[in-house]
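Single-letter residue listing:
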Amino acid sequence: MKKGPFEVTSTKIVYQNPWIKVTEDEIIRPNGEKGIFGVIDAGAGVTVVALDQNNDVYVIREFHYAIETNDYILPSGGIHKGEEPLDAAKRELEEEAGVKAKKWTFLGKYNPLPMILNSASYFFLAEELEEGEQGEEEKDLIKIEKLPLEKVIKMAETGELNHSGSVISILLTARLKKV
């Protein structure tokens, strides 16, 4: 099987759980040399900038297991099988922050580490917000705050907000809103 200029001679799953799959491909390079590629498939995800009428942004503070820190992040999560990115964004915003939005703007799609990671990220701006109830399973894990857009932009610029999807989303929103 061909993958771009590479001939794949075998593929094996090295690790798999409900959230990620790691595969290793044995390949032949265009120059004839043998090699391998490892790929992590973490599925696609979404990040939402929820901006209210006062120009405040809903941010979440939660513990991130892999890097062992309690950091800020915008409402984010995975896209379920068969789910459209916008539907996932709406679901994640309501589950994590207890917020619904009447106006949605697509900000872009990015691939964070395309050389080893298959995990596209879709970014949305949510406006005309209506507060509701936070999802039950989220209440013990995350703390919701509303911070001024300008402060969240500064947090992205200084690294205080360091989740890549959150940083990209907030900077795209700043550009869109001309902040």
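The coordinates are above.
Structural notes, computed from the coordinates. (Residues numbered from 1 in each chain as written. Predicted model: local features only at pLDDT ≥ 70, side-chain atom pairs only at ≥ 80, totals over all residues. Heavy atoms only, no water.)

1. Notes on the packing of aromatic side chains
Per the counting criterion, the structure on display carries 4 aromatic pairs. Aromatic side chains phenylalanine 6 and phenylalanine 37 sit 5.0 Å apart centroid to centroid with 75° between the ring planes, which places their arrangement in the edge-to-face category. Taken together, the positions of phenylalanine 6 in strand β2 (residues 6–16) and phenylalanine 37 in strand β4 (residues 34–41) put the pair 31 residues apart, joining distant regions of the chain. A relative accessible area of 21% places phenylalanine 6 in the partly exposed class. Site record: aromatic cluster; members linked through ring pairs are Trp104, Phe106 and Phe124. (Phe/Tyr/Trp six-rings, centres within 6.5 Å; stacked < 30°, edge-to-face > 60°. Helix = DSSP H or I, 4+ residues; strand = E, 2+ residues; numbered from the N terminus. Buried < 20%, exposed > 50% of the residue type's maximum accessible area, 1.4 Å probe, protein only.)

2. A closer look at the sheet that holds strand β8 (residues 76–78)
Taken together, 4 strands build an open sheet; the order of strands is β8-β5-β11-β9 and the sheet is mixed. Every other strand in the sheet has two partners, leaving β8 and β9 (99–110) as the edge strands with one partner each. Between one strand axis and the next, the sheet turns by 25° as a mean value, whatever way the strands run. In the sheet, β9 pairs with strand β11 (residues 121–131) via 10 bridges, with the strands oriented antiparallel. Considered in β11, the bridge of lysine 109 is made with tyrosine 122. Strand contacts of helix α3 (residues 164–177): β5 (45–50), β8, β9 and β11, with the helix running at about 65° to β11, the strand carrying the most contacts. (Pairing = 2+ DSSP bridges. Axes fitted to C-alpha atoms, helices over the stretch in contact; angles between N-to-C directions. Contact = heavy atoms within 4.5 Å.)

3. As for the layout of surface pockets
Quantified by volume, the largest pocket comes out at close to 1,700 Å³. His64, Ile73, Gly77, Gly78 and His163 are the residues nearest the centre of the largest pocket, which is lined by 45 residues in total. Put simply, the parts of the chain that give the lining of the largest pocket at least two residues each are β4, β5, β6 (56–64), β7 (69–73), β8, α1 (85–97), β11 and α3. The residue inventory of the lining of the largest pocket, partitioned by class, reads 22 nonpolar, 15 polar and 8 charged. Roughly 200 Å³ of volume is contained in the second largest pocket. As for the second largest pocket, its lining consists of 13 residues, of which Lys3, Phe37, Val39, Pro114 and Met115 are closest to the centre. A class-by-class count of the residues in the lining of the second largest pocket yields 9 nonpolar, 2 polar and 2 charged. (1 Å grid on protein atoms, 1.4 Å probe; cavity = no way out; pocket = protein on both sides within 12 Å on 5 of 7 lines; lining within 4 Å. Points joined across faces, edges and corners; volume = space filled by probe spheres on them. Nonpolar A, V, L, I, M, F, W, Y, C, P; charged D, E, K, R; others polar.)

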